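Descriptive structure summary
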Amino acid sequence: MHNTRRTLIAVSLSLTLTFVPFLAYAASPQPAKGEHGMVVTAQHLASEVGVEVLKQGGNAVDAAVAVGYALAVVYPTAGNIGGGGFMTIRFKDGRSTFLDFRERAPLAATKTMYLDKDGKPVKGASLDGYLAVGVPGSVAGFEMAREKYGTLSRQDLLAPAIRFAKEGFVLEQGDAASLQGGAERLARDPAAAAIFLKPDGKPYAVGERLVQPDLAASLAAISERGADAFYKGATADAIVKASGEKGGILARADFENYAVRELKPATCNYRGYEIISSPPPSSGGVIICEILNVLEFYPLSYLGAGSAETVHVMVEAMRHAYVDRNSALGDPGFIDNPVAKLLDKNYAREIREKIDPFRAGVSQELMPKGFGESNETTHFSIIDNDGNAVAVTYTLNGSFGAGVVAAGTGILLNNEMDDFTQKPGVPNLYGLVQGEANAIAPKKTPLSSMSPTILAKDGKPFMVIGSPGGSRIITITLEAIVNVVDHGMNIQEAIDAPRIHHQWLPDTVYIEPFGLSPDTEKLLTGMGYRLDLADTTWGQAAGILVGGKSLAEIEKGGGARYNGAIDSRAAAGKAIGY
Ligand code: GLY
C-alpha cells in the first residue's frame, strides 16, 4: 500500500480510537427475537396482522399480502392500494423471484407532458393532483403474489384491513404525527380532507379513531371479486371520472391493461454473501451491487465505521454508481439496460482505478455524453418458519401521494409520474438529475430506487432488508448491509447508525445529524468534499437477521433464529417475532 495512504488510514484510525464517540447509537434497543417467524413493518398493527397470518399457517407471501393491504389502511402516508411497488421473494429451496407491480404511465402520457410551451417544467404538475398519477399496481401485485405463491384465501388476507377500515383504529403518536404532517396537503382535496381531517378541518389527534368506510367498501369489493373489482369495476370508473374532471388523463383502458411483471432479481456476491434485489425498472438492486462491487476491494472493517477513509471510498463508489443510475437505467420494456456491465466486477475495478485515494471526485467531470425525500415509501421484511423470506417496498411516492382521493373510493392516489425524467438535467422530488433512458412514454414505468433485498449465505437466508427514502433508499439499504457484514453491528445498530448519502448531483455528501465527528468532517473537507450537515434524519429501514443478532453471535451460535429490527426513526413501526 502507498505510504501516504497508510498514513491517512493510521491518522483516521487513531482519531477514531481516541476522540470519536462510537458512531452506531450505543443505546440501540435489542432486536426483537423469534423462533418461528418475524414481521417488521412501519406500523405496529400491520406487523401484528402479519404475525397472525403466520401463526394461522400462512407463509411469508401470505403475510406480506395481508400486511400490504393492512398498511393501506393504518399507514396512509405510504401504505396503499392506489400506488405500486416491488416484492422480492426467496423461497425456502433457494429459488428467488421478483414481482414488479409499480405504476405505469397512462396511455395518453407524453414525454413533454409536464413542460410549458417554452419547454420549462410546470411547477408541481408531476407532483400534485390527477396529472401526477400513474396507473396503480398494488392490488394486481398482491393478488398475483397470493395466487401464485400464497396459501390462504383472498378473504382471509383482506379481512384485517377491512376491519381496520370499517371499525377504525386508535391513533398512536406516530400515526397522529404522520397525519398532521400531511394535513395541509390533504386539505386541498375535499374527498381526502373528508377522510383524513376532522369536520373542523384539524388533523386527528393521539387517542382518536380514524375510520375509513369508503376504503372498507373498496377493499370488501376486492375481497369478493378479486383484482377485477379494482381494475374493471366501479373503483376504476370512479378514479377515471375524477381524473377527467380534475385535469388528469387516466382512462378505463389504463386500468384494464395493467399487468404485473415477474422478473429475475438482480443478484451479485459481496464477500461471500449472495445479494438478491430489485432489477430494472428499479435501479436499486443493480446500483447496490455496483457500489458493493467497488467496495469489496477495500478493507472497510479495518478502516472502521464512519472513518474519513471509509466515507471517502463509499462516497466515490456512490458518485460513480449514481451517474449510471441516472443516465443509463429505465423500464426494461423500453430500453436496453446495461445490467451485465454494471454488475461486472471488472467494471467495478475500472471505477476503483478512477478513485483518487486522497481527493474527492468531481461530479461535473463524470457528466455522461448527451446528457442534458418528503420521501414517503414504506418497506416491510418478513420470514416464516420454513425460511421463505419476502421483502416488499411499495409507495405512493410523496407523502400521501398526489394528495387526491376519487370520491367514494377512500383510495389515496400516487404521484409516481414524478419519478420519470421531466426534462433531462432538471432535478425531481429527490433532487435526482436524470436522462433520456427514463423519459415518459405511454405504459412505461418510471425508474425507481426501491430496493427490497434479501441476502443468503451458504444456501440459507441471512438477511432481509429495505427502506423508504426516495433516491436514498439505495444507500440506506447498502449501509445496513455494510454495517452488518463489515462493521459487525447487530441488525438494530446497523439500521439505526447515522447515514451518509451521495447521488452524483448535487455534488454534496449528506450526513445525518451527529453522523460524523468534527475531526472526520475536517478530514473530509480537507480532501475536497462539500458536506451538508444540516440535513434531517432519513429513511425507515426494516430488517431481519437470521441465526443471531450480529455476525459475532451467529458465529458463536446460540442466538435467536430470527432477529428483527425496525428503524428507531420509524415512529409507528414494530418488529414482532414469535
Ligand atoms: N418513488 C420512489 C422510488 O420509487 O424510488
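Relevant structure appears above.
Here's what I pulled together on the structure shown here. (Residues numbered from 1 in each chain as written. Predicted model: local features only at pLDDT ≥ 70, side-chain atom pairs only at ≥ 80, totals over all residues. Heavy atoms only, no water.)

Below, the discussion takes up the overall build of the chain. Scanning the chain for helices and strands turns up 20 helices and 19 strands. Its C-alpha radius of gyration of 23 Å places the chain within 12% of the 25 Å reference for a compact globule of 578 residues. Its C-alpha atoms give the chain principal-axis dimensions of about 70 × 60 × 45 Å. When burial is assessed residue by residue, the chain has 64% of its 578 residues classed as buried. Averaging the coordinates of the 54 positive side-chain charges in the chain and doing the same for the 63 negative ones gives two points 2 Å apart. (Helix = DSSP H or I, 4+ residues; strand = E, 2+ residues; numbered from the N terminus. Rg over C-alpha atoms; globule rule 2.2 N^0.38 Å. Buried < 20%, exposed > 50% of the residue type's maximum accessible area, 1.4 Å probe, protein only. Lys, Arg positive; Asp, Glu negative; His and termini not counted. Charge placed at Lys NZ, Arg CZ, Asp CG, Glu CD.)

This part takes up the packing of aromatic side chains. Inspection of every chain in the model, using the stated rule, returns 13 aromatic pairs. Pairing Y69 with F142 gives two aromatic rings, centres 5.1 Å apart and planes at 70°, and the pair type is edge-to-face. Of the two residues, Y69 is situated in helix α3 (residues 60–74) and F142 in helix α4 (residues 138–149); the sequence distance between them amounts to 73 residues. One exposure class covers both Y69 and F142, and it is buried. Summarising the aromatic geometry, the rings of F142 and Y394 are spaced 5.6 Å apart at their centres and angled 65° between planes, so their arrangement reads as edge-to-face. (Phe/Tyr/Trp six-rings, centres within 6.5 Å; stacked < 30°, edge-to-face > 60°.)

Moving on, we get to the environment of F514. With respect to the secondary-structure elements, F514 resides in the loop between β15 (509–511) and α19 (518–526). Between the alpha carbons of F514 and R499 there is a distance of 9.6 Å; along the sequence they are 15 residues apart.

Here the focus is the sheet that holds strand β7 (residues 261–263). Judged by pairing direction, the sheet is antiparallel, and its seven strands sit side by side in the order β7-β4-β3-β11-β10-β2-β19 without closing on themselves. The sheet is open, and its two edges are formed by β7 and β19 (574–577), each paired on a single side. Geometrically, the sheet is characterised by an average inter-axis angle of 10° between neighbouring strands, direction not taken into account. Bridge count for strand β3 (residues 84–90) against strand β4 (residues 96–101) is six bridges, and the pairing is antiparallel. In the strand pairing of β4, I89 is matched with T97. Docked against the sheet, helix α2 (residues 44–55) engages β2 (38–41), β10 (377–383) and β19, running at close to 160° with respect to β2. (Pairing = 2+ DSSP bridges. Axes fitted to C-alpha atoms, helices over the stretch in contact; angles between N-to-C directions. Contact = heavy atoms within 4.5 Å.)

Moving on to the packing of helix α12 (residues 284–295) against helix α16 (residues 345–354). The interhelical angle for the contact between α12 and α16, taken along N-to-C directions, is 65°, at an axis separation of 8 Å. For the crossing formed where α12 meets α16, the hand is right-handed. Residues E290, N293 and V294 of α12 touch α16, and the partners they reach there are K345, Y347, A348, I351 and R352. Of the residues in the contact of α12 with α16, the class split is four nonpolar, one polar and three charged. (Left-handed = near helix turned anticlockwise from the far one by under 90°. Nonpolar A, V, L, I, M, F, W, Y, C, P; charged D, E, K, R; others polar.)

With that settled, the discussion passes to the nonpolar core. One finds Y69, I81, M87, F101, L219, F230 and I382 to be the most contacted residues of the largest nonpolar core, which totals 85 residues. Top element by residues in this core is α3. It accounts for 13 residues. With residues up to four places along the chain from it excluded, the contact list for M87 reads A64, T97, F98, L99, F101, A145, V390, A391 and V392. Among the nonpolar cores identified, the runner-up in size contains 71 residues, and L329, I511, L516 and L524 belong to it. (Core = buried A, V, L, I, M, F, W, Y, C linked by side-chain atoms within 4.5 Å.)

Bringing the state of the cysteines into the picture now. Within the structure shown, the criterion is met by one disulfide. Covalently, C268 is tied to C289 through a disulfide, its sulfur atoms 2.2 Å apart. Between C268 and C289, the disulfide has an S-S torsion of -80° and is therefore left-handed. On the criterion of sequence distance, the pair formed by C268 in strand β8 (residues 266–270) and C289 in helix α12 is long-range, its members being 21 residues apart. Note on C268: relative accessible area 11%, which makes it buried. (Disulfide = S-S within 2.5 Å.)

We now examine the site of the ligand. In the vicinity of the ligand, the contacting residues are R102, N397, E416, D419, Y430, S448, S449 and M450. A distance of 2.9 Å separates an oxygen atom of the ligand from a polar side-chain atom of R102. Between the ligand and E416, the relevant distance is 2.7 Å, taken from a nitrogen atom to a side-chain nitrogen or oxygen of the residue. When the free accessible area of the ligand is taken as 200 Å², the share hidden by the protein chains comes to 98%. Here the residues of the shell around the ligand are counted per class, giving two nonpolar, three polar and three charged. (Near = heavy atom within 4 Å. Polar contact = N/O pair within 3.5 Å; in protein donor to acceptor, adjacent residues only side chain to side chain. Areas by Shrake-Rupley, 256 points an atom, 1.4 Å probe, with all protein chains shown as cover.)

Attention shifts here to unusual backbone geometry. Residue P281 is bonded to the preceding P280 through a cis peptide linkage, with omega at 20°. Topologically, P281 is positioned in the loop between β9 (273–277) and α12. In this chain, L505 is followed by P506 through a cis amide linkage whose omega measures -5°. Along the chain, the position of P506 falls in the loop between β14 (500–501) and β15. Residues other than glycine seldom take positive phi values, yet N397 does so here, at roughly 80°. Along the chain, N397 falls in the loop between β11 (389–395) and β12 (453–457). For N397, a relative accessible area of 2% puts it in the buried group. Notably, D458 is not glycine yet its phi reads approximately 50°, a positive angle. As for its placement among the helices and strands, D458 is situated in the loop between β12 and β13 (460–465).

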